[in-house]
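Residue-level listing of the chains:
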Protein chains: 2
Amino acid sequence: MAASKKIEGNMLIAQSGGPTAVINQSLVGAVMEARKNKEIRNIYGALHGIQGILDENLIDLKKESKTTLETVAITPSSALGSVRRKPTPADCEAIFRVLEKYDVRYFFYIGGNDSAETTHIINEEAKKAKYQLRCFHICKTIDNDLRQNDHTPGFGSAAKFVAQAFMGDNLDNVALGGVKINVIMGRHAGFLTAASALAKQHEDDGPHLIYLPERPFAMSRFIRDVKAVYSRLGRCVIAVSEGISDARGRPIVTLGAASKEVDSHGNVQLSGTGALGDILAQAIKDKTSITRVRADTFGYLQRSFAGCYSEVDAREAFGVGATAVKEALSGNKDGSIAIKRKPGPKYEVEFKRVVLRSVAKETRHMPDRFINKEGNHVTQAFIDYAAPIVGKLPKIGQFRRIPVAKQ
Amino acid sequence: MAASKKIEGNMLIAQSGGPTAVINQSLVGAVMEARKNKEIRNIYGALHGIQGILDENLIDLKKESKTTLETVAITPSSALGSVRRKPTPADCEAIFRVLEKYDVRYFFYIGGNDSAETTHIINEEAKKAKYQLRCFHICKTIDNDLRQNDHTPGFGSAAKFVAQAFMGDNLDNVALGGVKINVIMGRHAGFLTAASALAKQHEDDGPHLIYLPERPFAMSRFIRDVKAVYSRLGRCVIAVSEGISDARGRPIVTLGAASKEVDSHGNVQLSGTGALGDILAQAIKDKTSITRVRADTFGYLQRSFAGCYSEVDAREAFGVGATAVKEALSGNKDGSIAIKRKPGPKYEVEFKRVVLRSVAKETRHMPDRFINKEGNHVTQAFIDYAAPIVGKLPKIGQFRRIPVAKQ
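Residues numbered from 1 in each chain as written. Chains lettered and ligands numbered in written order. Predicted model: local features only at pLDDT ≥ 70, side-chain atom pairs only at ≥ 80, totals over all residues. Heavy atoms only, no water.

**Structural notes on the relation of the copies chain B and chain A**
1) Next: For the pair chain B and chain A, the relating rotation is 180°, the translation along its axis is 0.0 Å, and the fit reaches an RMSD of 0.0 Å. Read as a symmetry element, the transformation amounts to a two-fold axis. Nearest to the rotation axis, the C-alpha of Gly 274 of chain B is located 2.0 Å from it, this being the minimum over chain B.
2) Next: Comparing contact sets, 100% of the residues at the interface of chain B also lie at the interface in chain A, consistent with an isologous, same-surface contact. (Least-squares fit on C-alpha atoms with pLDDT ≥ 70 in both. Contact = heavy atoms within 4.5 Å.)

Following this line, the structure appears as structure tokens:
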């Protein structure tokens, strides 16, 4: 019987990596599910991910009211704080000792593939010490780049922000003309940039060109593409992933950047700077006769904008968190909760426990069938894939524009 | 009697300058009001402002369905297209000749102070020619810098976008720490940047510092301010107007910019580039020991993001458009429709016809009582002024964070 497999003890949950609009849904989903079960005595939240565990900086989540939990759920960003620290093997040992000290028997870590790896290592420590621990990773990332998942919690809401931004920005471009470049988050995976295509409601709507990290970026080809669109429509709206790189794998942003900040993973800083947009805008100004060229970088807005989230995404993020707790209480020792899409024309998903390691380390990319032959836009297959995750978008009104006869 | 003062003829309406989230409300407000009156025979829309008039590029707005009008009203950006052309005296003569040719007796121009000036000159042409014309300016601008107005249609919605962005971004900064700079539109007037303060719900919430074009910007003072906030909170969220300038009036963005694009009004390009944010972020990195410094430029999103508008702003924008037509039909020959706030604790406005010239040319700035003594934040008086225009903001949930005793 599943119930007999419940172990008594405390629960600890933490959040990691870049915040999303619905990462708190997963947190609250897990906490609400845990509060139903008396085997889980205390529910601790670690502040700022593994840093909070190492510092024993924990808060009591049983003392938060239902109203607070419900409001936190619809609030963007990580309510427990986050961290970008990649734990060393020594850190993982230290983390495990804290779990032991606080009699933590249920551990949940919400994050991306690095967090899955961290969860896996902590789990291995527990096994070595023959310490009974239920150890789960709860997936999140706006990048949508976790293996095993049809899509990840956080993607749908960020994609909705990107789509709404392009819906408006396309109309702004209709009104004033010129070329508009928008730079979107995504170092290696182009899903979020691709979501800009959901803004298209009419044939001539932007984005007219989409550049993804999955395809090598050549400046000469880019200029040719822009000229072609501009000569046809007198305007051009472009979506670009921050991570686009040339054929040799060098990020385009580094080709003109004055300073190169590198993070703890050895990655060049791509977000929180307008450099890539400015490089591309300058290239168009230099190599065409187009005078009005503008670039915006959506930056952190796309993962944290208050009041803009996908209902589907919010529901699924909650479900993934709750499922992790259910799995842990039903006797399963470890895993990551993945979103699987059921086959068939109707959009339906299920939450499945998968092996921790299968989500850790490597990420996934846009499959070829989602990218057009020219490598400068997406296919209908991508639209069909992404639309139900994003859900309802605002209605766009347009005049029929019946001309008045010239006199 | 007012009705006897109606003249028979056609109406022409156009939009100018930077689009807003509710500029179509004013357009639709005017068109719907006009459609009620048989004296107005045809309703023409000029595409791309005065350019469309000069090119006789007109569409028939009587042939658009009520449903289309209603959907266009809630759609951001200028449905008739816009223009950044400053008309010469010769242009204004040419425009007037087109109005004559199409028997236009009701002319409405939606735009900022430049558009008020254009409307005024066209009106003078009509007077000179003794041509009966009702000539009105309908105000709009996210900058909120039109004289005679308590606030302008478009500001409330852009302010709401800025506030929602800061609500989320403040939480992002809580989660990951460091310094975050957000650059907001506003060349000479800081109202929109100031609206970031509406995001503050708790004492320690960002924005912690706000820099406006109304006060000279000194880099040394900026660095000192940032250090002070950072040492107190371990983080800092900053709002900066794109137009901030040093004591000699030089825009800060020009101090480090590689290329300086100048528009038809002789203004340096401020929007559609991430340069200012990058300059400020670099200064903090160079002059402090703070390592995580990020900058985002909200760019065109703040005036065109689909699905985000203030209900109050939308209603008022519609009202201003409808009022212009009512005034024209009640026998008034010209003017600009301004929003006046009624005195008293309850928020109430009225739409008043003011003299065209009183809105044209010069703009207005943030009054001193809205800016704090140090020149790095706003006052409660500004919050009280702006809050009712922006309306309801999303609820932000926060844990009480009751600490678990260390073991």
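**A look at the interface of chain B and chain A**
1) Next: Across the contact, 85 residues belong to chain B and 85 residues belong to chain A.
2) Next: Summed over both sides, the interface between chain B and chain A buries roughly 6,800 Å², with carbon and sulfur atoms accounting for 56% of that surface.
3) Next: The residue Arg 303 of chain B makes a salt bridge to Asp 172 of chain A at a minimum N-O spacing of 2.7 Å.
4) Next: Across the chain B-chain A interface, the total number found is 40 residue pairs in polar contact (both at pLDDT 80 or more).
5) Next: Elements represented by at least two residues in the side of chain B that touches chain A include exactly strand E3 (58-60), helix H3 (66-73), helix H6 (155-176), helix H10 (275-287), strand E9 (293-297) and helix H11 (301-304) of chain B. (Buried area = accessible area lost by both parts, 1.4 Å probe. Salt bridge = Lys/Arg side-chain N within 4 Å of Asp/Glu carboxyl O. Polar contact = N/O pair within 3.5 Å; in protein donor to acceptor, adjacent residues only side chain to side chain. Helix = DSSP H or I, 4+ residues; strand = E, 2+ residues; numbered from the N terminus.)

**Quick notes on helix H5 (residues 113-128) of chain A**
Residues and elements named next belong to chain A.
1) Next: Between the first and last C-alpha of H5 there are 23 Å, a value that for 16 residues agrees with the 22 Å anticipated at 1.5 Å per step.
2) Next: For H5, the set of buried residues is Asn 113, Ser 115, Ala 116, Glu 117, Thr 118, Thr 119, His 120, Ile 122, Asn 123, Glu 125 and Ala 126.
3) Next: A positive backbone phi angle near 50° is found at Lys 130, which sits one or two residues after H5. (Expected span 1.5 Å × (residues − 1). Buried < 20%, exposed > 50% of the residue type's maximum accessible area, 1.4 Å probe, protein only.)

**Some thoughts on the packing of aromatic side chains**
All names here are of chain A.
1) Next: Evaluated as defined, the whole model comprises 33 aromatic pairs over all chains.
2) Next: Look at Tyr 44 and Tyr 102: their rings are 6.1 Å apart centre to centre, the planes differ by 85°, and that puts the pair in the edge-to-face class. Of this pair, Tyr 44 sits in strand E2 (residues 40-46) while Tyr 102 sits in the loop between helix H4 (89-101) and strand E4 (104-111), and the two are 58 residues apart along the sequence.
3) Next: Look at Tyr 102 and you get buried, because its relative accessible area is 2%. (Phe/Tyr/Trp six-rings, centres within 6.5 Å; stacked < 30°, edge-to-face > 60°.)

**Regarding unusual backbone geometry**
1) Next: For the bond running from Gly 206 of chain A to Pro 207 of chain A, omega is 5°, close enough to zero to count as cis.
2) Next: The residue Pro 207 of chain A is located in the loop between helix H7 (191-194) and strand E7 (209-211) in this model.
3) Next: Phi angles above zero are rare outside glycine, and Ser 77 of chain B is one such case at about 75°.

Interpretation in functional terms is not warranted from these geometric data alone.
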